[in-house]
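Chain by chain, the residues:
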Amino acid sequence: MVKGGNVGLASLSEDIGSVMVSLGWSSSTGEGDADVSVLLLDPDGKVRSDVDFYFYNHPVAADGSVQLLGKSPTAGGSEDRITFDLTAIPTGVERIVVAASRDEATRFGDLNDVCLTLAGGSGETLLRFSIEDAGEVSALLFGELYRRGGDWKFRAIGQGYASGLAGLATDFGVDIDDAAEPDGAEPDGVEAVEAAVQAVAVEAEVSAAVAAIPAQVASGPVEAAETVARRVPRPRTVKKKVTLPKVVKKSLAENDSWRTARLFPASALKSDRERETRATSVLLSVMAQVPEFGRRLTAAFGAPAGRMETFTEVSLPNGDSPRRPDGVIRVERAGKLWTALVETKTNGNSLKPDQVQAYVDIAARRGYEAVITLSNDVELDGSPLVDVKSDGRRKHKVAFWHLSWAEVTHQAQMLIRHEGVGNAAHAWLLQELLYYLQHENSGCHGFQNMGPAWVPVRNGIDDETLCQGDPRAVEVVESWERLVRQVCLRLGGELGQKVLPVQRAKRGTDPRTRRAALADRLCLDGKLDAELRIEGTAGILALSADLRTGKLRTSIEIAAPEQGQPLTWAKRLIRRLDEAPADLHVETLLAGQAGGPRGTLERLRPEPADILPKNGARISGFRLSLFRGMGNTRGTAESGFIRSVDDSVDRFHAHVVVHLDGRPSRTRQPAEATAAG
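In this report, the structure presented in the accompanying data block is examined. Bear in mind the structure is a predicted one, so any value in this text is a computation, not a measurement.

## Description of helix α7 (residues 353-366)
In this model α7 runs 20 Å from its N-terminal to its C-terminal C-alpha over 14 residues, within 8% of the 20 Å that 1.5 Å per residue would give. Here α7 has its buried residues at Gln 355, Val 356, Gln 357, Ala 358, Tyr 359, Val 360, Ile 362, Ala 363 and Ala 364.

## Looking at the sheet that holds strand β18 (residues 527-534)
Strand order across the open sheet formed by seven strands is β17-β18-β19-β20-β23-β21-β22, with antiparallel pairing between neighbours. Two strands bound the open sheet, and with one partner strand each, they are β17 (499-501) and β22 (598-600). Each adjacent strand pair in this sheet contributes to an overall mean axis angle of 25 degrees, direction not counted. Here strand β19 (residues 540-546) pairs with strand β20 (residues 551-559) via six bridges, running antiparallel.

## Overview of the sheet that holds strand β5 (residues 66-73)
Overall, antiparallel pairing links the five strands, which are arranged β5-β6-β2-β8-β9 in an open sheet. Every interior strand has two partners, whereas the edge strands, β5 and β9 (125-130), have only one. This sheet shows a mean twist of 20 degrees between the axes of neighbouring strands, independent of strand direction. Two elements, strand β2 (residues 18-26) and strand β8 (residues 112-119), share six bridges in a ladder whose sense is antiparallel. Paired with Leu 23 across the two strands is Leu 116, which belongs to β8.

## Focus: the pattern of salt bridges
One side chain can pair with another of opposite charge once the charged atoms of both are near each other. If you walk through the whole model with that rule in mind, you get 28 salt bridges. Between Glu 144 and Arg 95 there is a salt bridge, with the nearest N and O atoms lying 2.8 Å from each other. Of this pair, Glu 144 sits in strand β10 (residues 139-148) while Arg 95 sits in strand β7 (residues 95-101), and the two are 49 residues apart along the sequence. The buried category is assigned to Glu 144, whose relative accessible area is 3%. For Arg 95, a relative accessible area of 27% puts it in the partly exposed group. Ionic pairing is found between Arg 490 and Asp 646, a salt bridge with its closest N-O pair at 3.4 Å.

## Some words on the packing of helix α5 (residues 272-289) against helix α9 (residues 424-438)
One can describe the packing of α5 onto α9 by two numbers: an axis separation of 10 Å at closest approach and a directional angle of 160 degrees. Here α5 is positioned roughly antiparallel relative to α9, judged by the angle of their axes. Regarding α5 and α9, the two cross each other, and that crossing is left-handed. In this structure, α5 uses Arg 275, Arg 278, Ala 279, Val 282, Leu 283, Val 286 and Gln 289 to contact α9, whose residues at the interface are His 426, Leu 429, Leu 430, Leu 433 and Tyr 436. In the contact of α5 with α9, the residues fall into eight nonpolar, two polar and two charged.

## Examining a negative patch on the surface
On the surface, Asp 110, Asp 113, Glu 132, Asp 133 and Glu 136 cluster together into a patch of negative charge. Structurally, the position occupied by Asp 133 is in the loop between β9 and β10. Given the relative accessible area of 62%, Asp 133 is considered exposed.

Quick notes on the rules
- Sequence order as written defines residue numbering, which begins from 1 separately in each chain.
- Confidence filtering applies because this is a predicted model: local features only for residues at pLDDT of at least 70, side-chain atom pairs given and counted only at 80 or more, and all residues used for totals across whole chains, interfaces and linings.
- The side-chain values count all of the structure's non-hydrogen atoms but skip hydrogen atoms and water molecules.
- Think of it this way: any DSSP run of H or I at least four residues long counts as a helix, any run of E at least two long counts as a strand, and we number them from the N terminus.
- For a helix, the expected span equals 1.5 Å multiplied by the number of residues minus one.
- Residue burial is assigned from relative accessible area. The probe radius is 1.4 Å, only protein chains are included, and a residue is buried under 20% of its type maximum, exposed over 50%, and partly exposed in between.
- Pairs of strands are assigned from DSSP output, requiring at least two bridges between the strands.
- Fitted lines through C-alpha atoms serve as axes, helices being fitted only where they are in contact, and the angles separating the N-to-C directions of these axes extend from 0 to 180 degrees.
- Salt bridge criterion: a side-chain nitrogen from Lys or Arg within 4 Å of a carboxyl oxygen from Asp or Glu.
- Geometric relationships in this document are graded by angle, where less than 35 degrees denotes roughly parallel, more than 145 denotes roughly antiparallel, 65 to 115 denotes roughly perpendicular, and other angles denote oblique.
- Each helix crossing is assigned a hand: it is left-handed if the near helix lies turned anticlockwise from the far helix by less than a right angle, otherwise right-handed if that turn is clockwise.
- Working rule for contacts: check all heavy atoms of both residues, and any pair within 4.5 Å makes them a contact.
- Polar here means any residue outside two lists: the nonpolar Ala, Val, Leu, Ile, Met, Phe, Trp, Tyr, Cys and Pro, and the charged Asp, Glu, Lys and Arg; Gly therefore counts as polar.
- Exposure above 30% relative accessible area and no salt bridge define the residues that can form patches, which grow by joining like charges within 9 Å and nonpolar side chains of Val, Leu, Ile, Met, Phe, Trp and Tyr within 5 Å.
- Here the Shrake-Rupley method, with its probe set to 1.4 Å, supplies the accessible areas, and only the displayed protein chains count as covering residues.
- In this charge count, Lys and Arg are treated as positive and Asp and Glu as negative; neither His nor the chain ends contribute.
- Working definition for charges: the position is that of NZ of Lys, CZ of Arg, CG of Asp or CD of Glu.

Encoded structure:
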């Protein structure tokens, strides 16, 4: 589409009850990012209330009509996805505006390949709108969905706001006047909008299940877990969200050997079949009973927001031998039914292509919308776990989706530990689900094996016999990418922040070509490299595994301050790292030069000036690095490579990254709208 163009959704597809909008961008450095937002507008072009403004701290509508699914990495950048259940949009809403904003010190003109795509309920792309030369703006209106004659249409806008998120939100009626900080200081644009919207909580439906919880559960760990709403000058009626308590209450057990009774016991499981059956039943039952969680997992698959029912061990006719998928999900909304078959695997068991293909064929014959697989494997772009073929002669199309158990755990953690759910019953159920998934006997621990090529590739690097083009090197690169994505999911769930792998390849590069190039570099250098962008941190966390030396390196580069003297910078940095390990390596980065002064923190603490260049060269920043031995085996054992990577990232983040300054402060700009492109 071109800027200003519009099109009716009904002319693009018959399946438009639920649509997905994706906003994408990339940058040459891999560090560019933006946050999406959605505004529901009345006929006057204003939000009905602040609750009609959705962004990363207010991502889901209570009726399920809007859900921000968060970021996912692409070959050259990242992509933010939003699902809209158009059948559930309130009748008083005439327009749905989709926008994005950056820190007010950055601009959309710094990003490449800024675009919007819209997909139908079955996942097929219906339209694409590219925004060329976004310009010096920190907020951008991508497009809008609007009603016309009882149907929904889409308009490509591409208009920018130099005033940022605050100016955009104010123009559409979001009230930020009462969001001033208690001391009277004027908040910046993003903080002001956050304060205003968070003051009006989402009106979630509170299930009667709270009253049905046994007394001992209601007085359990989730009793005091309600979050405290931000104080604002005028009183508001707010429904609180429930999260896990920050301090666990003291147990009433006589001794530490007593085990707390659990809803989903895992210790008695003996076979993989038992684990698969139990895991399917546990997950599907919680999805049906906790609407926020069920909707969070299925919205990306095109499921509407509605009443969900789940089933296990179903039997479906298939000639002389009925097929028995592990589960079925059915969602009803406004008389329409969305259904999906579910196939699960646990531990190191892989999906069976012929089995999955049979389920896709059955789903097509019986009118099911999707087939969903769950396993510990992490699916990669351009490298599907199962190559599924669809019969082009059939009118009914079946979407094929995959979830890793690590992603299921991540979504549960985000809800119960950070964002909160509607009531104590839902919080307790999610807590029990998390306990089960993380139990050592559940078999749902995520990616846990570097694959059969790991040992031969390591040996080939050691004796210098590994050649470029060896397919085993590509297998190791794919396993490394899966591990990095799982590290991002785990760390993001624990922190409650967005953690994404950085892809520095040019956007549009074929993933297979990119992995082949990385495999050739592995053969030459013997190294596996990755970068993680953690929201709110001072820089990008770099991770490197040197298979020649058997060392893991975690590092971060921070820019030098714009003001002050180099000696002051060095002293301040050393003070901030007071609790960091003594073996932390600190290196000074010099503008236009390589190899600045360096030393361990133990040596620099008494003499911070030793890190400064003797010739007065200009300092551009500092690099902080930790080294540790790399695990040898390919699995998750104590001596395994995967465990050593997890421990290295956790140690570096906890002891180094959290002590550094986060994002630079933002400056407030006059409110004025400009056209981008």
